Structure formats: structure tokens, C-alpha cells
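Understanding the architecture of this molecule
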Amino acid sequence: MTKHRAALPYLLLLPALAVELLVHLVPMVVGIVMSFKQLTQFYIRDWTSAPAAGTANYRVALDFNAPIGKALLESFWTTCAFTVLSVGISWLIGTTAAIMMQDSFRGRGLLRAAFLLPYALPVFAAVITWSFMFQRDTGLVNHVLHDQLHLVGNKPFWLIGDNSFTALVTVSVWRSWPFAFLTLTAGLQNIPRELYEAAAMDGAGVWQQIRKITLPSLRPVNQVLVLVLFLWTFNDFNTPFVLFGKAAPKAADLISIHIYQSSFVTWNFGSGSAMSVLLLLFLLLVTAVYLFVTNRRRGAE
């Protein structure tokens, strides 16, 4: 009986491990194998028969003096800028909203539910709505900025040109900050109210309480939150694809869309797979460095 009880947890984990193997690990291994092949549209029916390419796909992707490598590098820097802005602004808005919602007041529950609406909406419905709002002549954004507030002289194009980056960041922040708000709200529940009461009796103001109590207490939550937001945002494909379509403007050419175009538009699946593997290695490296630094800092504290 004791042996059966000891084996029960592993038996319960088997279905989840099998699904994980089928959904994630098997496609990952297939993608790595494809990255070493000259896989084009001529070998789609039997991709295993595609000739071997060795590391040629990786050399082409990492040759930043050639057009393909140069375009990939530009897309990488665009994605980095997009990720930093989206994660930073989402975290700032989520933190501010969570702190403001910490104290009880009339209508707090309704306001919290309203804050979570962008996170609860399906991504396609939400982003398509934003695409209508960003239309130049009939969109709500230009109607407010140009017709009502008179903040811009001419109605700008938001879905093409340089303004597309601003539109992309706006939609990403709108979708991401409620998750930060929800996570930080849960973290705030673990901070004893007695700490704030003692700090107030000692003469600490609101900003001092936030700096000395709230933010240090939320540090473990923020470490996980920032990492999750980074991975989600850097890999985001749905938002730019629904907002711009298959061909995103150069200013909003995220690496996820760039890899999609390299694979399914130009039909060079070997090159696209190599770019995907390089992206995977980059994310693994950043995650490992981030966890090492945060764990070391936590150990020092």
C-alpha cells in the first residue's frame, strides 16, 4: 500500500507530461531538425526528404551585413524596444492601480472588475476593435485627438508608417496591464496592515510607505511578474498579426511576425526554423541570467 501511495503522484502527472510532450517538446524538436534542412515549398509534402543545409540557415540569419540578417537584427531591436516599453508601462499602471485599490471604498469591487475587462476579452475581438479605432478617417482615436481635443493638426495614420509602433505599444499595454494589476493586487493582500499603521504613527507619508513597505514586500511577486510579462510580450504574435495583418509596417516589425513572414510568406521553412531556434536560445539565456541575478540578490538579502 505504501508503494502504491508513493507512486500515485507520478501517475497523476503522467497525463500532463504526455500532453506537454505532444504540444511543446515534439514540435520543438521537429523545428530544430527543420532548421538544419533546405526546407522550401518544394519539400512540403515530405519535409524529411529535404536536403541537409548544415548550419547554413544559421549563418545566413546571423550575417548582419547581408539583407536577411540585417532585417532580422532590425526586427530584433524593434522587438526589444517594444518589450521594454510595453512591460515597463504595464507594470507601472498595474502597480499604481493595485495600490490605489488597496483601501476599501464604495464601488471598489465594480472598479476592479472593470479594470480586468481588457484581460478577459478574447484577443482577436479586442485587437480588431482597436484596429477600427485606429482608422484614419473614421476611427475614434483621431476623432478624439483631432476633432475634439485638437491635439494634432492633421489626422495621422496609425496602422502604417512610424505611428504603427505607437499603436502597437498602446494595444499591448491595454491588454497587459490588467494582468499586472491582478497579480500585484494578490501580492498586496499578504502585506500586514499593521506595518502601514506603525509607519503612519512614526510619521511616514504615503510615498514613504510605498517605498519602504509596499515595493520591498512586492519584490518576489514583481520578479515573477516581470519575467512572465517579458516572455509574453517578446513572443507576442497575435497582437501585431491581428492589428496589421501578414505584412506589418517596418516600424512595428516584431520578430514573431518577421519569422512568420520568413516561413509562411517566402516559404523558406528552414530559414524560419533557424530564426525560431535563435529566438528560443535568446529567451532561455535572458531567463537564466534574470533568475540567476534575482536569486543571488534574494540570497544576499
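Provided above is the structure to which this section pertains.
Heads up: these notes are all about the structure in this document. (Residues numbered from 1 in each chain as written. Predicted model: local features only at pLDDT ≥ 70, side-chain atom pairs only at ≥ 80, totals over all residues. Heavy atoms only, no water.)

It is worth spelling out the overall build of the protein at this point. Counting secondary structure elements, the protein contains 14 helices and zero strands. Of the regular secondary structure in the protein, the N- to C-terminal order runs α-α-α-α-α-α-α-α-α-α-α-α-α-α. Along the longest, intermediate and shortest principal axes, the C-alpha atoms of the protein span 75 × 75 × 35 Å. Considering the protein as a whole, with its 301 residues, one finds that 36% of them fall into the buried category. Summarising the internal contacts of the protein: among those between residues at least 6 apart in sequence, 65% fall at separations of at least 24. Per element, the accessible surface of the protein, about 18,100 Å² overall, is 68% carbon and sulfur. In the protein, 21 side chains carry a positive charge and 14 a negative one; their mean positions are 6 Å apart. (Helix = DSSP H or I, 4+ residues; strand = E, 2+ residues; numbered from the N terminus. Buried < 20%, exposed > 50% of the residue type's maximum accessible area, 1.4 Å probe, protein only. Contact = heavy atoms within 4.5 Å. Areas by Shrake-Rupley, 256 points an atom, 1.4 Å probe, with all protein chains shown as cover. Lys, Arg positive; Asp, Glu negative; His and termini not counted. Charge placed at Lys NZ, Arg CZ, Asp CG, Glu CD.)

The subject of this paragraph is the packing of aromatic side chains. Enumeration according to the criterion identifies 20 aromatic pairs in this entry. On the numbers, 5.5 Å between centres and 45° between planes, the contact of Phe 230 with Phe 234 is tilted. With a gap of four residues between them, Phe 230 and Phe 234 both fall in helix H11 (residues 219–234), about one helical turn apart. Exposure remark for Phe 234: the relative accessible area of 2% places this residue in the buried category. Ring geometry for Phe 237 and Phe 241: centres 5.0 Å apart, planes at 20°, overall stacked. Taking relative accessible area as the criterion, Phe 241 reaches 25% and is therefore assigned partly exposed. Connected via pairs of aromatic rings, a cluster forms that spans Phe 237, Phe 241, Tyr 260, Phe 264, Trp 267 and Phe 269. (Phe/Tyr/Trp six-rings, centres within 6.5 Å; stacked < 30°, edge-to-face > 60°.)

The next thing to look at is the side chain of Ser 86. By the secondary structure assignment, Ser 86 is in helix H3 (residues 67–100). Since its relative accessible area comes to 0%, Ser 86 is described here as buried. The contact partners of Ser 86, leaving out residues within four places of it in the chain, are Ser 172, Val 173, Ser 176 and Thr 233.

An ideal rise of 1.5 Å per residue puts 16 Å on twelve residues; helix H10 (residues 206–217) measures up with 15 Å between its terminal C-alpha atoms. All of the buried residues along H10 are Gln 209, Ile 210, Ile 213 and Thr 214. Each buried residue of H10 lies within a common arc of 125° when the element is viewed along its axis, so the set occupies one face. Every exposed residue of H10 that faces more than 90 degrees away from the buried side is listed here: Trp 207 and Lys 212. The inward-facing, buried residues of H10 abut H3, helix H8 (163–188) and helix H9 (193–201). (Expected span 1.5 Å × (residues − 1). Arc of directions from axis to C-beta.)

Another point: the pattern of salt bridges. Counted by the stated rule, this structure contains three salt bridges. Put simply, Glu 74 and Lys 250 hold a salt bridge, and the shortest N to O gap is 3.9 Å. With Glu 74 in helix H3 and Lys 250 in the loop between helix H12 (238–244) and helix H13 (255–265), this pair connects stretches of sequence that are 176 residues apart. Under the relative-accessibility criterion, Glu 74 is labelled partly exposed at 34%. The closest approach of N and O atoms between Arg 136 and Asp 137, which form a salt bridge, is 3.0 Å. Looking at Asp 137, the relative accessible area reads 54%, which means it is exposed. (Salt bridge = Lys/Arg side-chain N within 4 Å of Asp/Glu carboxyl O.)

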